[in-house]
Amino acid sequence: MSTATATVEGLSDARQFVTVRIGGQLFGVPISSVNEVFVPDRITPVPLAPREIDGVLNLRGRIVTMVDMRRLLGLPDSSLARMAVGIERTGEAFALLIDGVGDVLLLDASTHDSNPPNLEDEWIRFSEGVHRLEGELLVLLDVERVLATVGSTRVAA
């Protein structure tokens, strides 16, 4: 991951986000939520798990619940190689399956906007707003809402 060039001078209320692509859309994940980024290998399906749970993975001796973000956001499945963003919540390990990882961006709170009215309802449910970047919209992923939704179904041991 490369770090986007941004000066800290003048950014009084700045936050860092790891940018990820899901279905062609750019999303921002708060860097404070991210433990690691990895390429998943050997995901084991879990019978009767909700559709958005792709399965579990043994990552260095720890069972990780794999959340398929495409399915959670109502996007079609993809056969492209996937990456994962590792996150821990209440002592359980989760990974968000995404299409790709981009840069780390330092964004000032003054450029933060609320969700636009034309954003899909399924996306608004998991978004904490947007940042308008040069030529592109960055949707901020609310990791707590994502994990609260899938975390209510206890899959990981």
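Basis of the calculations
- Residues numbered from 1 in each chain as written.
- Predicted model: local features only at pLDDT ≥ 70, side-chain atom pairs only at ≥ 80, totals over all residues.
- Heavy atoms only, no water.
- Pairing = 2+ DSSP bridges.
- Helix = DSSP H or I, 4+ residues; strand = E, 2+ residues; numbered from the N terminus.
- Salt bridge = Lys/Arg side-chain N within 4 Å of Asp/Glu carboxyl O.
- Buried < 20%, exposed > 50% of the residue type's maximum accessible area, 1.4 Å probe, protein only.
- Axes fitted to C-alpha atoms, helices over the stretch in contact; angles between N-to-C directions.
- Contact = heavy atoms within 4.5 Å.

1. Side note on the pairing of strand E1 (residues 14–22)
Side chains on a regular strand alternate between the two faces of the sheet. Sheet analysis places E1 next to strand E8 (residues 100–108), joined by seven bridges and oriented antiparallel. Pairing of alanine 14 across the sheet is with aspartate 108, part of E8. Across six bridges, the pairing between E1 and strand E2 (residues 25–30) is antiparallel. Within E2, the position partnered with isoleucine 22 by the bridge is glutamine 25.

2. Comments concerning unusual backbone geometry
Even without being glycine, arginine 42 reaches a positive phi, approximately 60 degrees. Relative to the helices and strands, arginine 42 is located in the loop between strand E3 (36–38) and strand E4 (53–59). Of note in this structure, arginine 60 is not a glycine but carries a positive phi near 50 degrees. Here arginine 60 is to be found in the loop between E4 and strand E5 (62–68).

3. As for the pattern of salt bridges
Scanning all chains against the criterion turns up 13 salt bridges. Among the ionic pairs, arginine 15 bridges to glutamate 128, the shortest N-O distance being 3.0 Å. Highlighted residues: arginine 15 in strand E1 and glutamate 128 in strand E10 (residues 127–133), separated in sequence by 113 residues. Judged by relative accessible area, glutamate 128 falls into the partly exposed class, the value being 26%. Salt-bridge contacts for arginine 71 lead to aspartate 77; the nearest nitrogen and oxygen are separated by 3.2 Å.

4. Some details on the sheet that holds strand E7 (residues 92–98)
Reading across from one edge, E3-E6-E7-E5-E4 is the order of the five strands in this open sheet, with mixed pairing throughout. The open sheet has two edge strands, E3 and E4, and neither has a second partner. Along the sheet, successive strands turn relative to each other by an average axial angle of 30 degrees, direction set aside. One ladder, built from six bridges, connects E4 with E5; its direction is antiparallel. For asparagine 58, the partnering residue across the bridge sits in E5 and is isoleucine 63.

5. Remarks on the pairing of E7
Of all seven residues in E7, seven are buried; the element is thus mostly enclosed. The side-chain alternation of E7 yields two buried faces, one formed by Glu92, Phe94, Leu96 and Ile98 and the other by Ala93, Ala95 and Leu97. Bridging between strand E6 (residues 83–89) and E7 involves seven bridges; their strand directions are antiparallel. Looking across to E7, one finds that glutamate 88 is bridged to alanine 93. What sits between the antiparallel neighbours E6 and E7 is a turn of two residues, in which threonine 90 has the positive phi angle 45 degrees.

6. Section: the environment of leucine 107
Take leucine 107: it is sitting in strand E8. With 94 residues separating them along the chain, leucine 107 and aspartate 13 place their C-alpha atoms 8.5 Å apart. Here leucine 107 is in contact with Asp13, Ala14, Arg15, Phe17, His131, Leu133 and Leu138, once residues within four sequence places are set aside.

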